[in-house]
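Descriptive structure summary
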Amino acid sequence: MVTSQKIKMQLSCPMPKLDFDIITLGHGSGGTLTNRLLNSGVFSLFSNPLLDEKHDGAIFSLEGKLAFSTDSYVIHPVFFPGGNIGELAINGTVNDLSMCGALPKYLSLSFIIEEGLPMTEFWEILISIKAAAENAGVAIVTGDTKVVEKGKGDKIFINTSGVGVVHENADIKISNIKAGDKIIISNQIAAHGIAIMSVREGLEFETEIVSDTQNLNDVVKDLLDEFGNDIHLMRDPTRGGVASVLNEIAKDTKLGMNLEEKKIPIDEQVQGACELLGLDPLYVANEGVFIVIVDNAIADNVAELLNKNDKTKFASVIGTVVDEHKGQVILNSKIGGRRVVNMLSGEQLPRIC
């Protein structure tokens, strides 16, 4: 995640003097107030040669095969332990590109802001966006701002789109998966969803549970540099969690997935919170974790490489792709039983990303 110290340091830069303490409908009119808001905050904060041109879009050149991704963020609350909607939006699109085997380069950034949002909150979100983009090494090169009437939104929604250059060693596609491949999770699961729920439910723990939101492009680059096309597939288990992602893969490949519960890393407090709330951590959202399916011959080496990085230090081989029970995910429990892990039905956690 973006360190609170870095954000605090950047927040020490004074917020520009604006005529209003809150966002008004006039800030979305395209006129004077919009111009003042963008020029005193957005353009100055995210300044780079492409954005400074102030075109309706960005003009740039990239060599090689490209990946493109887009996502929208409507999380509630917009500020949560370990982050906020701003850095979540940057990290989310950076990670989506990374899961394609791409090295993210440029992002667009669009806001839909509810009338009445305090300028101080908007500034804090902007600061965290800047910090997250710097951490990931990406440039924000175009965007848009709209304001909706009070009650027509929920503080702020963000859309980010991104482009990246596919790594020369990458061959990431679901058709590469075969029986015998190993399933690896990059870190402890369920922290993001539980961080959100802890705020909503007013839960207190011995130590604060914080979101795992973080960029993963540097980790993915290291994997592709080392293992290339033996990396068969990568996915980030956000909405629907690990269970839903693996069910999608099982159904698309018409292969089975065997998971070992004792191998799935989870923080003790997160596990306890899941039990308290009646949630299965396999279905809880993550924002800084990814699943990687690799050739059996390199599985232990992949996990070892991941364990050396602080972002993925709890990486573990959690299962195997099999020819049996095609299209299903089976969990071997800690106590020796077996159960089918189905696709998430309905909405377990509302608005977690």
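Look up: the structure comes first, before these words.
Quick summary incoming for the structure in this document. Treat the numbers as computed from the prediction; the structure is a model and nothing was measured.

1. A short note on the overall build of the protein chain
A count of helices and strands for the protein chain gives 9 helices and 13 strands. A compact globule built from 353 residues should have a C-alpha radius of gyration of about 20 Å, and the protein chain, at 21 Å, falls within 12% of that. Across its three principal directions, the C-alpha atoms of the protein chain cover 65 × 50 × 35 Å. When each of the 353 residues of the protein chain is scored for burial, the buried share is 52%. Taking the intrachain contacts of the protein chain between residues at least 6 apart in sequence as the baseline, contacts between residues at least 24 apart amount to 86%. As presented, the protein chain carries roughly 15,800 Å² of accessible surface, and 49% of it is formed by carbon and sulfur atoms. For the protein chain, the separation between the mean place of its 31 positive charges and that of its 47 negative charges on side chains is 2 Å.

2. Some words on the pairing of strand β9 (residues 256-260)
The two faces of a sheet get side chains in turn, since along a regular strand they alternate between them. Where burial is concerned, most of β9 is hidden: 4 out of the 5 residues are buried. Bridge count between β9 and strand β11 (residues 316-322): 4 bridges; the pairing is antiparallel. Considered in β11, the bridge of Gly256 is made with Val322. Bridge count for β9 against strand β12 (residues 329-332) is 4 bridges, and the pairing is parallel. Of the residues in β12, the one forming a bridge with Leu259 is Leu331.

3. Brief notes about the side chain of His167
In this structure, His167 sits in the loop between β6 (156-166) and β7 (182-185). There is a polar contact of 2.6 Å between the side chain of His167 and the side chain of Asp225.

4. Side note on the packing of helix α6 (residues 217-227) against helix α9 (residues 299-307)
The N-to-C vectors of α6 and α9 enclose an angle of 145°; their axes lie 11 Å apart at closest approach. As α6 packs across α9, the resulting crossing turns out to be right-handed. Residues Val219, Asp222, Leu223, Glu226 and Phe227 of α6 touch α9, and the partners they reach there are Asn301, Val302, Leu305 and Leu306. Its residues assigned to classes, the contact of α6 with α9 shows 6 nonpolar, 1 polar and 2 charged.

5. Digging into the packing of aromatic side chains
Here the structure, examined in full by the defined rule, presents 2 aromatic pairs. Look at Phe60 and Tyr106: their rings are 4.5 Å apart centre to centre, the planes differ by 40°, and that puts the pair in the tilted class. Residue Phe60 is found in the loop between α2 (32-45) and β1 (66-73), and its partner Tyr106 is found in strand β4 (residues 102-114); the two are separated by 46 residues along the sequence. Using a relative accessible area of 32% as the deciding quantity, one classes Phe60 as partly exposed. For the pair Phe111 and Phe122, a centre-to-centre distance of 5.3 Å together with 80° between the ring planes defines the contact as edge-to-face. With Phe111 in strand β4 and Phe122 in helix α4 (residues 119-136), the pair connects residues that are 11 residues apart, well separated along the chain.

6. Focus on the pattern of salt bridges
Under the definition given, this model contains 11 salt bridges. Here Lys130 and Glu134 are joined by a salt bridge, their closest N and O atoms 3.0 Å apart. Of the two residues, Lys130 and Glu134 are both situated in helix α4; the distance of 4 residues between them amounts to about one turn of the helix. Classification of Glu134 by relative accessible area gives partly exposed; the value is 41%.

7. Regarding the nonpolar core
In this structure, Ile183, Ile231, Leu282, Phe290 and Val302 are the most contacted members of the largest nonpolar core, which totals 60 residues. For Leu282, the residues in contact, after removing those within four places along its chain, are Ile189, Gly240, Gly241, Val242, Ala243, Ile264, Leu331, Arg339 and Val341.

8. A word on helix α5 (residues 191-201)
With respect to burial, α5 is a largely interior element, 8 of its 11 residues being buried. Where α5 is concerned, the buried positions are Ala191, His192, Gly193, Ile194, Ala195, Ile196, Met197 and Ser198. Where α5 ends, the next residue or the one after it, Gly202, has phi of about 65°, a positive value.

9. Concerning unusual backbone geometry
For the peptide bond that leads from His76 to Pro77, omega is 0°, which places it in the cis range. Within the fold, Pro77 resides in the loop between β1 and β2 (79-80). One non-glycine residue, Lys254, lies in the positive phi region at around 60°. Within the secondary structure layout, Lys254 lies in the loop between α7 (241-253) and β9. Assessed through its relative accessible area of 57%, Lys254 is described here as exposed.

Criteria and thresholds
Residues numbered from 1 in each chain as written. Predicted model: local features only at pLDDT ≥ 70, side-chain atom pairs only at ≥ 80, totals over all residues. Heavy atoms only, no water. Helix = DSSP H or I, 4+ residues; strand = E, 2+ residues; numbered from the N terminus. Rg over C-alpha atoms; globule rule 2.2 N^0.38 Å. Buried < 20%, exposed > 50% of the residue type's maximum accessible area, 1.4 Å probe, protein only. Contact = heavy atoms within 4.5 Å. Areas by Shrake-Rupley, 256 points an atom, 1.4 Å probe, with all protein chains shown as cover. Lys, Arg positive; Asp, Glu negative; His and termini not counted. Charge placed at Lys NZ, Arg CZ, Asp CG, Glu CD. Pairing = 2+ DSSP bridges. Polar contact = N/O pair within 3.5 Å; in protein donor to acceptor, adjacent residues only side chain to side chain. Axes fitted to C-alpha atoms, helices over the stretch in contact; angles between N-to-C directions. Left-handed = near helix turned anticlockwise from the far one by under 90°. Nonpolar A, V, L, I, M, F, W, Y, C, P; charged D, E, K, R; others polar. Phe/Tyr/Trp six-rings, centres within 6.5 Å; stacked < 30°, edge-to-face > 60°. Salt bridge = Lys/Arg side-chain N within 4 Å of Asp/Glu carboxyl O. Core = buried A, V, L, I, M, F, W, Y, C linked by side-chain atoms within 4.5 Å.

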